[in-house]
Amino acid sequence: MSKAAEIDIVSVSKVYGTTTAVEDISLKIPAGTYCCLLGPSGCGKTSTLRMIAGHESISSGDVRLGNTVVTDLPPAKRGTAMMFQSYALFPHLDLIDNVAFSLKMKGVDKEQRRAKALDMLKLMQMEAYATRRPAQLSGGQQQRVALARALITDPEALLLDEPLSALDPFLKVRMRVELKKLQTSLGITFVHVTHSQEEAMALADLIVVMNDGRIEQAAPPRDVFERPATAFVARFMGDHNVISGRVTGARDGMVVFDVIGGGSLAARGHGREPGAPIDIAIRTDHVRIGDAPALGLGFTGIVSNIEYRGATVKLSVTGAGIDDFTVIINDSDFFARPVAIGDAVPLAWDSQDAIVLGHLHS
Amino acid sequence: MTVALERPAIAAAKPARRRRSSIGVVTPYLQSAPLALILGAFLLLPIIMIVVVSFWDYDFAAMYPDFLTTNYSDVLGSWVTWKTYLNTIKFAAIVWALTLFIGFWVAYFLAFHIRTTAMQMVLFLVCTVPFLTSNIIRMISWIPVLGRNGLINSTLVHLGLVPKPIEWLLYSEFAVVLAMVHLYTLFMVTPIFNTLMRIDRSLVEAARDAGASGWQVLWNVIIPLAKPGMAIGTIFVVTLVMADFSTVQVMSGGQSASVALMMKNQMSLLQYPAAAANAVVLLVLVLLMVAGILRIVDIRREL
């Protein structure tokens, strides 16, 4: 069963009339990877998935699965299987017939296909419900049946369109674990569309952050979180402060820039032309209260809000030209030297924590 | 403060509840009374009268209250009646098959091949345009089309395709079926369109994903899910055709018979009890047919 295939997307675009849903994206998903397409709604992630599945025609570019170019193949000939957002189980068929559907279409005789469908239901621990209709199942059970139906075709890649969005929060976390386990045991490529960065971080080997029909960053979760490529990625992944400014010069291998309407900051990076716009990201939990270790690695701001979160305390700080700067500090550090709303506090970070963000060419 | 406010409210609620309970017993009956009265007066009572009259005696001039089964034995014992019933059922079967076939494809085209809802609504309204005129007018307007010197015949003769006008176009069973299909297809289109519109489009994609061809999607997904609509349409068409007399009379030119036409003739001969017995038999037959359809297809999902 484990015959994973690499998915190679080569400068693929999708145009609907005058709107471009996906703009010239290229992506290589290695065989056996759990890949999450992550982005806000309308970013083109679902269109991308549907183009891989073959449910959406490709306006330009190519999709290769393993060694075959599948651009013009119908969905069933691609070696992919898709799990739909609402699961799309056939309401008029019982679970066995739902799972056996693709075998029936291939003309496998009844005994054989029902036996294989039952095996598949057993794998998903759903054999006890084999003769029920989908409407008689809970959301989590429906998802298992949808998985069984997708996997019975023995696909090289499984495509999941927001598979967890219909579930309640508790079930979401449980099915997440099951999905990951399933992917590990089957060893096939999973491509999973989601708008939840938490879900993507928990599941993915490869996160593809998309915005406005383009890929902002494609990297392992740790890279995406620790070294976000663009301001959009830093903001979307959360837990980052993004500060914008204009470059004024360079000093000691650092780029120095002015925050608009504020002070001067510095970040480690390549020399840029003075006047060029620049964005930097600073992890909220890497900021401390204290004096800057060097010039440009901190600022002083007014505390506008304090939220106690148990193990951590979240401070919202407003500085000159910096509207809403979030600082997460340990509860013990906070209560050792507490601050109050309205206090002016010096904030500081280390030079390696200020990350210069890139821009996408437009 | 809330406590202080609640106390008198509870005290006031108690007698009010008691008063309401005495009205409460009657309220549902009062609420259902208008519909019950209308149905009772205009549906139940006439049916009871028909059943009662069907047991009466009659001669050429009057009816005599009695309890006779001769009306039924006349109906069921007559070879002519059996033939008429068979003829009516034959019409019902042919018209049902044709309206189902045409109705399904029209509904399918509207639901799956017209992309915008606005266009769907426009085309659907176009389907209902013939209903702006009465049944009789729509039926009669076939005559200049199908008649001996009608549009079709004169065209065919003019083109030299046939040496003389085709006789069976009008005043024939063909004409009856044609007119009925024309009259009743919309009764099939509407419920089927309704069920097709409710089919989740991702089911079609899921079927395609599983390797189904266009015909396989149709046969394995769309038609099974359209069954409730087909059943409702079938009930409409079958009951309408079984009770039809005007179409049969006009379009067959009196050469074909139907049960309702037979009843009409009996009534014009003042044989009301005989017609009533016929009506009861027809009612039972149609109810059995509807019961049969409901046994085969579960339409509750649609209601």
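Further up the page is the structure itself.
What comes next is a walk through the structure.

Calculation rules
- Residues numbered from 1 in each chain as written.
- Chains lettered and ligands numbered in written order.
- Predicted model: local features only at pLDDT ≥ 70, side-chain atom pairs only at ≥ 80, totals over all residues.
- Heavy atoms only, no water.
- Helix = DSSP H or I, 4+ residues; strand = E, 2+ residues; numbered from the N terminus.
- Contact = heavy atoms within 4.5 Å.
- Buried area = accessible area lost by both parts, 1.4 Å probe.
- Salt bridge = Lys/Arg side-chain N within 4 Å of Asp/Glu carboxyl O.
- Patch = residues over 30% accessible without salt bridge, like charges linked within 9 Å, V, L, I, M, F, W, Y side chains within 5 Å.
- Areas by Shrake-Rupley, 256 points an atom, 1.4 Å probe, with all protein chains shown as cover.
- Axes fitted to C-alpha atoms, helices over the stretch in contact; angles between N-to-C directions.
- Parallel < 35°, antiparallel > 145°, perpendicular 65-115°, else oblique.
- Left-handed = near helix turned anticlockwise from the far one by under 90°.
- Nonpolar A, V, L, I, M, F, W, Y, C, P; charged D, E, K, R; others polar.
- Buried < 20%, exposed > 50% of the residue type's maximum accessible area, 1.4 Å probe, protein only.
- Pairing = 2+ DSSP bridges.
- Polar contact = N/O pair within 3.5 Å; in protein donor to acceptor, adjacent residues only side chain to side chain.
- Core = buried A, V, L, I, M, F, W, Y, C linked by side-chain atoms within 4.5 Å.

1. Let's talk about the side chain of Thr284 of chain A
Relative to the helices and strands, Thr284 of chain A resides in the loop between β14 (277-283) and β15 (288-289). Those residues in contact with Thr284 of chain A, other than ones at most four positions away along the chain, are Asp239, His240, Asn241, Thr326, Val327 and Ile328 of chain A.

2. Section: the interface of chain B and chain A
With 16 residues of chain B in contact, the opposing surface of chain A contributes 20 residues. Contact between chain B and chain A buries roughly 1,500 Å² in total, counting both sides, with carbon and sulfur atoms accounting for 62%. When residues of chain B are sorted by the area they lose upon contact with chain A, Glu205, Asp209 and Asn220 of chain B head the list and together hold 39% of the total. At the junction of chain B and chain A, the tally comes to one salt bridge. Between Arg50 of chain A and Glu205 of chain B there is a salt bridge, with the nearest N and O atoms lying 2.5 Å from each other. Only α9 (201-209) and α10 (214-242) of chain B provide two or more residues apiece to the side of chain B that touches chain A. The element contributing the most residues to the side of chain B that touches chain A is α9 of chain B, with seven residues.

3. Overview of a nonpolar patch on the surface
Residue and element names in this part refer to chain B. Where nonpolar side chains cluster on the molecular surface, the patch consists of Leu35, Leu39, Leu43, Ile47, Val51, Leu283 and Leu287 and spans about 590 Å² of accessible area. Those elements that provide at least two residues to the nonpolar patch are α1 (2-53) and α13 (272-296). Broken down by element, the residue count for the nonpolar patch peaks at five residues, all from α1.

4. A closer look at the packing of helix α4 (residues 117-128) of chain B against helix α8 (residues 173-198) of chain B
Residues and elements named next belong to chain B. One way to put it is that α4 packs onto α8 with a least axis distance of 10 Å and a crossing angle of 160°. It follows from the interaxial angle that α4 and α8 lie roughly antiparallel. Remark: the crossing between α4 and α8 carries left-handed chirality. In this structure, α4 contributes Gln120, Met121, Phe124, Cys127 and Thr128 to the contact, and α8 contributes Leu186, Val189, Thr190, Phe193 and Met197. Among the residues forming the contact of α4 with α8, the class breakdown is seven nonpolar, three polar and no charged.

5. Quick notes on the pattern of salt bridges
Pairs can form between side chains of opposite charge whenever their charged atoms are close. Residue and element names in this part refer to chain A. A complete count under the given rule lists 17 salt bridges over all chains for this structure. The partner of Arg64 in a salt bridge is Asp8, and the shortest N-O contact between them spans 2.8 Å. With Arg64 in strand β4 (residues 60-65) and Asp8 in strand β1 (residues 7-16), this residue pair connects regions lying 56 residues apart in the sequence. Judged by relative accessible area, Arg64 falls into the partly exposed class, the value being 23%. Linking Glu226 and Arg283 is a salt bridge whose minimum nitrogen-to-oxygen distance equals 4.0 Å.

6. What to know about the pairing of strand β19 (residues 344-348) of chain A
All names here are of chain A. In the sheet, β15 pairs with β19 via two bridges, with the strands oriented antiparallel. What sits directly across from Ile289, in β19, is Leu347. Of the strand pairs in this sheet, strand β16 (residues 298-308) and β19 are connected by five bridges, and their pairing is antiparallel. Bridging across to β19, Phe299 finds its partner in Leu347.

7. Examining the side chain of Thr189 of chain A
All names here are of chain A. Tracing the sequence through the fold places Thr189 in strand β8 (residues 189-194). Assessed through its relative accessible area of 0%, Thr189 is described here as buried. Separated by 3.0 Å, the side chain of Thr189 and the backbone nitrogen of Gly32 make a polar contact. When sequence neighbours within four positions are dropped, the list of residues in contact with Thr189 reads Ala4, Ala5, Ile7, Ile29, Pro30, Ala31, Gly32, Thr33, Glu156, Ala157 and Leu158.

8. Some thoughts on unusual backbone geometry
All names here are of chain A. Non-glycine residue Asp154 carries a positive phi angle of around 60°. Mapped onto the fold, Asp154 is located in the loop between α5 (139-151) and β7 (157-161). Take Asp154: its relative accessible area is 29%, and that puts it in the partly exposed class.

9. Observations regarding the sheet that holds β19 of chain A
Taken in spatial order, the five strands make up an open sheet running β15-β19-β16-β17-β18 (chain A), and their pairing is antiparallel. At either end of the open sheet lies a strand with only one pairing partner, and these are β15 and β18 (322-330) of chain A.

10. Looking at the sheet that holds strand β2 (residues 19-29) of chain A
All names here are of chain A. Read from one edge to the other, the open sheet built from four strands follows the order β2-β1-β4-β5, with strand pairing classed as antiparallel. Edge positions in the sheet fall to β2 and β5 (68-69), since each of these pairs with one other strand and no more. One ladder, built from five bridges, connects β1 with β4; its direction is antiparallel. Note that in β4 the partner of Ile9 across the bridge is Val63. Contacting β1 and β2, helix α1 (residues 45-53) crosses the sheet at an angle of about 115° to β1.

11. Observations concerning the nonpolar core
Ranked by internal contacts, the top residues of the largest apolar core, which has 110 residues, are Phe101 of chain A together with Phe104, Leu196, Ile222 and Met251 of chain B. Considering each element in turn, this core owes the most residues, 15 residues, to α10 of chain B. Setting aside anything within four residues of it in sequence, one finds Met251 of chain B in contact with Met139, Trp142, Leu146, Leu170, Tyr171, Ser172, Ala175, Val176 and Ala179 of chain B. Within the second largest apolar cluster, 47 residues are counted, among which are Leu95, Leu158, Phe190 and Ala204 of chain A.

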